Amino acid sequence: QTIYLKDYAPSPYRIVSVELDFRILEENTRVRAQLTVEPAPDTAAGTPLVLDGDDLKLTSVAIDGLPLMLSAYLADEKGLTVFEPPLRRFVLETEVVIEPEKNTRLMGLYRSSGTWCTQCEPEGFRRITYYLDRPDVLATFRVRITAPLAAAPVLLANGNLVDRGDAGDGLHYAVWEDPFPKPAYLFALVAGDLGSITDSYTTGSGRKIALAIYCAHGKEEQCGWAMDSLKRSMAWDERRFGREYDLDMFNIVAVNDFNFGAMENKGLNIFNDKLVFAEPQSATDADYENIERVIAHEYFHNWTGNRITCRDWFQLCLKEGLTVYRDQEFTSDERSRAVKRISDVVTLRSAQFPEDGGPLAHPARPDQYREINNFYTATVYEKGAEIVRMLATLLGEAGFRKGMDLYFERHDGEATTIEAFLNVFEDACSVDLEQFKTWYLQAGTPRLSVSESYNAAAQTYTLKLRQEIPPTPGQPTKEPLAMPIRFGLIGPNGSPMSWTGVSGGAKVEDDLIVLESAEAEVTFTGVANKPVPSLLREFSAPVILDLPLSQEDRLFLARHDSDPFNRWQALQDVSLALATAAVGGQAWSDGDVAALSEAMGDTLASPDLDDAFKALALSVPAEAQIARAIGKDVDPDRVHTVRNELIAAVFGPLAGKLRTAHEGLQSDAPYAPDPAGNGRRALRNRLLALLVGSGAEGAATMATACYHEARNMTDRLAALATAASHWTADAPALLADFRTRFATDPLVFDKWLSVNAGVPEAGVMERLRGILADPGFPRTNPNRLRALMGTFALNNPTQFARADGAGFRFVTEFVAEVDKVNPQVAARVLTGFRIWPILEAGRREEARAALTALQNGGELSRNTADILGRMLAG
Ligand code: ARG
Ligand code: ZN
């Protein structure tokens, strides 16, 4: 059944405070809950109290101490209904038994390598006890945990520790109190035998916060980077948003079975351990950056998510889009803003655009869902962040901050909506955001088409702008959006050009055009020469820009644009134009390729650009992006071949320079995860990939040597991935070496699985089947399953979308099996099929057949059935 936003109604009952008593034993866990319940002011007598519950065994239920008669309530597979509760404040007491050991879905209370831990967002708390499991029910929690001292010397919950002691019989207990009213999805509990590192942070107002990170024994030394990231996050949120931490302690726990990245539970964040552990031998630069980002993200949720939460799950991007925006800003301030922006746009284009342009497209704020777990998507998170970024662009930094201050002041302690969020900016900045709101409501990536004309006699320069949003499932027609377009006009000598006046149908202020209608013309007067336009600087709106510039103009921008994002974009555009033309059968001219090659060479040689930027610039768009640009009847093999030919044509002639630069970037300095070292490694490894990719003589052997000489995981994994993705003669031996060298580290095993799964070579499926068939393969761990099958389905276009359909069937068979164990992992892997509508007819039919077979093959979870249904309907 489908749930609709328009049906939202507040709960007729509130829960004001909660006392939970967990008795955790090896065989099962007994949960006693005392909920102080109050009817809402307008609740009529006789209105039933309907609590959510899932997979619970009810052993007793009472109101104000009196057991309920059997006829007074009903407990079924969906929850507990009390037919006629008192029309006044009362205490509902329930006792249930749950089995964390058997909980393979990893929602609710489950066990990971012996540690009891929880995941409640969005609807996991109902798997712990009967409750009004919805984010607009906020209560204070007091939690007592009793557990075996030997198996679980560490007992944690939200808030502050208020008591602990011996409970006899080898048991001990701890009591935690969280004074901040919160929805149940922010509840957390951990009980286990864990090591820890501790530290402290003193807030701007002088409060000393005790910090701790808990982990498996022996991993303590790998938690230092996460702790460092946490302290920097706390300082940044004070500096940039004036937000201090509010409890006396802040705890983080790393667990190894976790359905996604991490969770912002109040005062007790729980993390997938891959986003906590880092040491140079086993973590890459990308891992370090990810850890820093996610630690920050979860910490920032304390204000944007916890102190101010969501009224209902349709508002998910209220907290996620905003918090991703905040973590992006954190990374930009801590590292290079330009490099961060480019990488975020690469992610947006590779993860969100395909979602928005396929059968799973949905608005950043959806208005209906069957399974909310399927809406923790790139659209809600990353497009949600882009929307907040546009708001900041439109209002300016000071205006945006004023609005945020008002948001915290006005809504602290509330569960609220996107409308309320937009309202604070309207009030703080005296603007009307009615049209802007459409960004939250409409799915689909807008296409912004621009044409230019210059009138030399009149010295006027005109831009014609047109926006178009394609139809998406359930939304056949679209309204125009309010689009901030940052821009500059560049004169023949490469410096910015000025103008004396502007007129037309879009607002222009300084370097910003705001397009609000479907079409508009903007004319600049007093323009002395024909400029080259640099549009959508900083990628100021999440759109596909269609600006037909000559290759010459693009390469001019690549050299002269003052906006680093557009310098990077210009090179991408040139490559993309060449690649799509070639896939369409139009061979590129030697001159075009030579000019691009020269621009790439100059980029490499430029003394003004930093290494990290160069690493991003010296690349061509991914296969998936080329496929999207083509848009229909795609043959992934052809795209793969053309892309490789382009790399060879452009970078082959630069081989000598690439090699020299590669040598020059070698360093004996010990590894540190600092931006400079990171950039140097990124560029050096990029050069190696280009040398091997363009078939330079001896390059494959060079990759082997780089693999063996590597002194940190960043360099070793990069060399391995390069060898594997080009399937060099040594690739199988290097994979075997890597596997044995790090045999005992599961997080490194994941890297090995991903590299294997991404190999664009016909033997890959057999090898993956072999890995899966190994009886020792951890079949229930989400990280392992995603590294293998997530990579294959989402990141190996030629083999997943094989012409014979074997790749599709491999994935649907896997999904059917894993769905029985962990539906969330199964549903996520299945989203790889979203490319199917743009494939050529033969592959389309194979995909449809595999999906149909999955649908007919037996009962599926709601998660997987939802994705499958939309996939086939779209
Ligand atoms: N709120 C968490 C975060 O963004 C993620 C929770 C994901 N939940 C899910 N069901 N996929 O940090
Ligand atoms: Zn989040």
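Fair warning: this is a prediction, and the values are worked out from it, not measured in the lab. (Residues numbered from 1 in each chain as written. Chains lettered and ligands numbered in written order. Predicted model: local features only at pLDDT ≥ 70, side-chain atom pairs only at ≥ 80, totals over all residues.)

Participant: With reference to specific residues and values, describe the site of ligand 1.
Facilitator: In the vicinity of ligand 1, the residues found are Glu121, Pro122, Phe260, Ala262, Met263, Glu264, His297, Glu298, Glu320, Asn373 and Tyr376. The set of elements that each furnish at least two residues to the shell around ligand 1 consists of β20 (262–263) and α2 (285–300). Considered class by class, the residues forming the shell around ligand 1 number five nonpolar, two polar and four charged. (Near = placed C-beta within 6 Å. Helix = DSSP H or I, 4+ residues; strand = E, 2+ residues; numbered from the N terminus. Nonpolar A, V, L, I, M, F, W, Y, C, P; charged D, E, K, R; others polar.)

Participant: Report on the UniProt feature "domain: Aminopeptidase N-like N-terminal" (unreviewed entry) in the protein, specifying residues and quantitative values.
Facilitator: Under the UniProt annotation, the feature "domain: Aminopeptidase N-like N-terminal" (unreviewed entry) is placed at residues 19–186. Secondary structure within residues 19–186 divides into 0% helix and 55% strand; the distance between the first and last C-alpha atoms comes to 15 Å. (UniProt positions renumbered as here; feature names shortened; annotations may be inferred.)

Participant: Lay out the UniProt feature "domain: Peptidase M1 membrane alanine aminopeptidase" (unreviewed entry) in the protein with the relevant residues and their values.
Facilitator: Sequence positions flagged by UniProt for "domain: Peptidase M1 membrane alanine aminopeptidase" (unreviewed entry) are, in local numbering, residues 225–439. Within the segment residues 225–439, helix and strand shares are 56% and 9% respectively, and the terminal C-alpha atoms sit 37 Å apart.

Participant: Explain the sheet that holds strand β10 (residues 108–112) to me, and be specific about the residues and the numbers.
Facilitator: Across the sheet, four strands lie side by side as β10-β11-β16-β13; this open sheet has antiparallel pairing. The sheet is open, and its two edges are formed by β10 and β13 (154–157), each paired on a single side. Between one strand and the next, the sheet's axes are offset by a mean angle of 15 degrees, whatever the strand orientation. (Pairing = 2+ DSSP bridges. Axes fitted to C-alpha atoms, helices over the stretch in contact; angles between N-to-C directions.)

Participant: Provide a residue-level description of the sheet that holds strand β4 (residues 49–52), including the pertinent values.
Facilitator: Note: strands within a sheet are paired through backbone hydrogen bonds, in either parallel or antiparallel orientation. Spatially, three strands are ordered β4-β8-β7 in an open sheet, and the strand pairing comes out antiparallel. A single partner strand is all that each edge strand has here, and the edge strands are β4 and β7 (73–76). Going from strand to strand, the sheet's axes swing by 10 degrees on average, the running direction of each strand aside. Two strands pair when backbone bridges link them, and β4 and strand β8 (residues 79–82) are joined in this way by four bridges, in the antiparallel orientation. Looking at the pairing, Asp52 lines up with Gly79 of β8.

Participant: So what about the environment of Tyr671? Which residues, and what values?
Facilitator: Looking at the element boundaries, Tyr671 is found in the loop between α14 (655–664) and α15 (675–693). Taking the number of C-beta atoms within 10 Å as the measure of exposure, Tyr671 has 20 and is therefore buried. Separated by 390 residues in sequence, Tyr671 and Gln281 place their C-alpha atoms 9.2 Å apart. Non-local contacts of Tyr671, meaning those with residues more than four positions away in its chain, are made with Pro280 and Asn712. (Buried ≥ 20, exposed ≤ 12 C-beta atoms within 10 Å, placed from the backbone. Contact = placed C-beta atoms within 7 Å.)

Participant: Explain helix α18 (residues 731–741) residue by residue, including any values.
Facilitator: Taken together, the buried positions of α18 are Ala731, Leu734 and Phe738. Looking straight down α18, one finds its buried side chains confined to an arc of 60 degrees; they lie on one side. Structural note: α18 exposes Ala736 and Thr740 on the side pointing more than 90 degrees away from its buried face. Tucked into the core, α18 has its buried residues touching α16 (699–709), α17 (713–725) and α19 (746–757). (Arc of directions from axis to C-beta.)

Participant: Mind laying out the confidence of the model for the protein, listing which residues take part and the relevant values?
Facilitator: Model confidence for the protein is summarised by a mean pLDDT of 98, while 100% of its residues fall at 70 or above. Interface scoring of the predicted complex returns ipTM 0.98; its pTM is 0.99. (pLDDT = per-residue confidence, 0-100.)

Participant: Go over the environment of Ala541 with me, naming the residues and quoting the values.
Facilitator: You can see Ala541 is positioned in the loop between β32 (532–535) and β33 (544–546). You can call Ala541 buried: it has 24 C-beta atoms within 10 Å. Residues within four places of Ala541 in sequence aside, it is in contact with Met390, Met483, Pro484, Ile485 and Leu536.

Participant: Can you break down unusual backbone geometry residue by residue, with the values?
Facilitator: Cis rather than trans, the peptide bond between Glu121 and Pro122 has omega equal to -5 degrees. Looking at the element boundaries, Pro122 is found in the loop between β11 (115–119) and β12 (139–148). Its identity as a non-glycine residue notwithstanding, Asp55 has a phi of 65 degrees, on the positive side. In this structure, Asp55 sits in the loop between β4 and β5 (57–63). Unlike most non-glycine residues, Gln459 shows phi in positive territory, near 55 degrees. By the element assignment, Gln459 lies in the loop between β25 (447–455) and β26 (460–468). On the basis of neighbour counts, which here come to 16 C-beta atoms within 10 Å, the residue Gln459 falls in the partly exposed class.

Participant: Pulling in residues and values, what's your account of the environment of Glu519?
Facilitator: Tracing the sequence through the fold places Glu519 in strand β31 (residues 519–525). A residue is classified by how many C-beta atoms lie within 10 Å of it, and Glu519, with 14 of them, is partly exposed. Residues Glu519 and Ala506 lie 13 residues apart in sequence; the distance between their C-alpha atoms is 8.9 Å. Discounting chain neighbours no more than four positions away, the residues touching Glu519 are Leu465 and Arg466.

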